[in-house]
Amino acid sequence: MTHHALTVNGERHELDVDADLPLLWVLRDYLELTGTKYGCGIAACGACTVHLNGAAVRSCVVPVSAAAGGIVTTIEGLGGNHPVQRAWLELQVPQCGYCQSGMIMAAAALLEQNKNPSDADIDAAMTNICRCGTYARVREAIHVAAKSA
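Residues numbered from 1 in each chain as written. Predicted model: local features only at pLDDT ≥ 70, side-chain atom pairs only at ≥ 80, totals over all residues. Heavy atoms only, no water.

What to know about the overall build of the protein
Part 1: Secondary structure summary: the protein contains six helices and five strands in total.
Part 2: Listed by position from the N terminus, the elements making up the protein come as β-β-α-β-β-α-β-α-α-α-α.
Part 3: Whereas a compact globule of 149 residues would reach a radius of gyration of roughly 15 Å, the protein reaches 15 Å, a difference of no more than 12%.
Part 4: Considering only C-alpha atoms, the protein reaches an extent of 45 × 30 × 25 Å along its principal axes.
Part 5: Expressed as a percentage of its 149 residues, the buried residues of the protein come to 46%.
Part 6: For the protein, the accessible surface area stands at approximately 7400 Å², while carbon and sulfur atoms represent 50% of it. (Helix = DSSP H or I, 4+ residues; strand = E, 2+ residues; numbered from the N terminus. Rg over C-alpha atoms; globule rule 2.2 N^0.38 Å. Buried < 20%, exposed > 50% of the residue type's maximum accessible area, 1.4 Å probe, protein only. Areas by Shrake-Rupley, 256 points an atom, 1.4 Å probe, with all protein chains shown as cover.)

Considering the packing of helix 3 (residues 83–90) against helix 4 (residues 100–113)
Part 1: Where helix 3 contacts helix 4, the axes come no closer than 9 Å and their chain directions differ by 130 degrees. Taken together, the axes of helix 3 and helix 4 are oblique relative to one another. For the crossing formed where helix 3 meets helix 4, the hand is right-handed. Note on element contacts: helix 4 touches helix 3 through Q100, M103, I104, A107, A108 and L111, opposite V84, Q85 and W88.
Part 2: Of the residues belonging to the contact of helix 3 with helix 4, the class tally is seven nonpolar, two polar and no charged. (Axes fitted to C-alpha atoms, helices over the stretch in contact; angles between N-to-C directions. Parallel < 35°, antiparallel > 145°, perpendicular 65-115°, else oblique. Left-handed = near helix turned anticlockwise from the far one by under 90°. Contact = heavy atoms within 4.5 Å. Nonpolar A, V, L, I, M, F, W, Y, C, P; charged D, E, K, R; others polar.)

Side note on the packing of aromatic side chains
Aromatic ring pairs are defined here through the distance separating the ring centres and the angle between the ring planes.
Part 1: All told, the structure shown has one aromatic pair when counted by the stated rule.
Part 2: A ring pair is formed by W25 and Y38, whose centres lie 5.4 Å apart and whose planes are at 35 degrees; its orientation type is tilted. Here the residue W25 occupies a position in helix 1 (residues 23–30), and Y38 occupies one in the loop between helix 1 and strand 3 (49–52), the gap between them amounting to 13 residues. (Phe/Tyr/Trp six-rings, centres within 6.5 Å; stacked < 30°, edge-to-face > 60°.)

Some remarks on the nonpolar core
Part 1: One finds V84, W88, M103, M126, V138 and I142 to be the most contacted residues of the largest nonpolar core, which totals 24 residues.
Part 2: It is helix 4 that contributes the most residues to this core, eight residues altogether.
Part 3: L15, V17, L33 and A67 belong to the second largest nonpolar core, which has 17 residues in total. (Core = buried A, V, L, I, M, F, W, Y, C linked by side-chain atoms within 4.5 Å.)

Below, the structure is given as structure tokens:
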């Protein structure tokens, strides 16, 4: 066990966990922030996307030691009224909803970096997988969020 300090959604946490424990499991099992989902465990699907120091990362492959000292934002940290969340609701993006917290986090990070992304920019940045295939609505919702942000 190693001591790690990180700030999650504005709150500082001191944890004694294995250095190689994935950030995803710290969030879900130790901090009980279950909005971040487990999908594949190999950073392919994006269901576990969170922000680490403002960048979208796949938390299933980020060891807590790499996040220590950093600032983590999860879906719970967006507060429920983020422009991306509002656009997701307005356009009824989700079907089953499982991947959506990761999608929203990836979209929010994209809009922090690019206030007016093109379709090509969105397609390049949004590598999250959605089994339901809501990609066209995701793209449209990002455009709506960009206009209202």
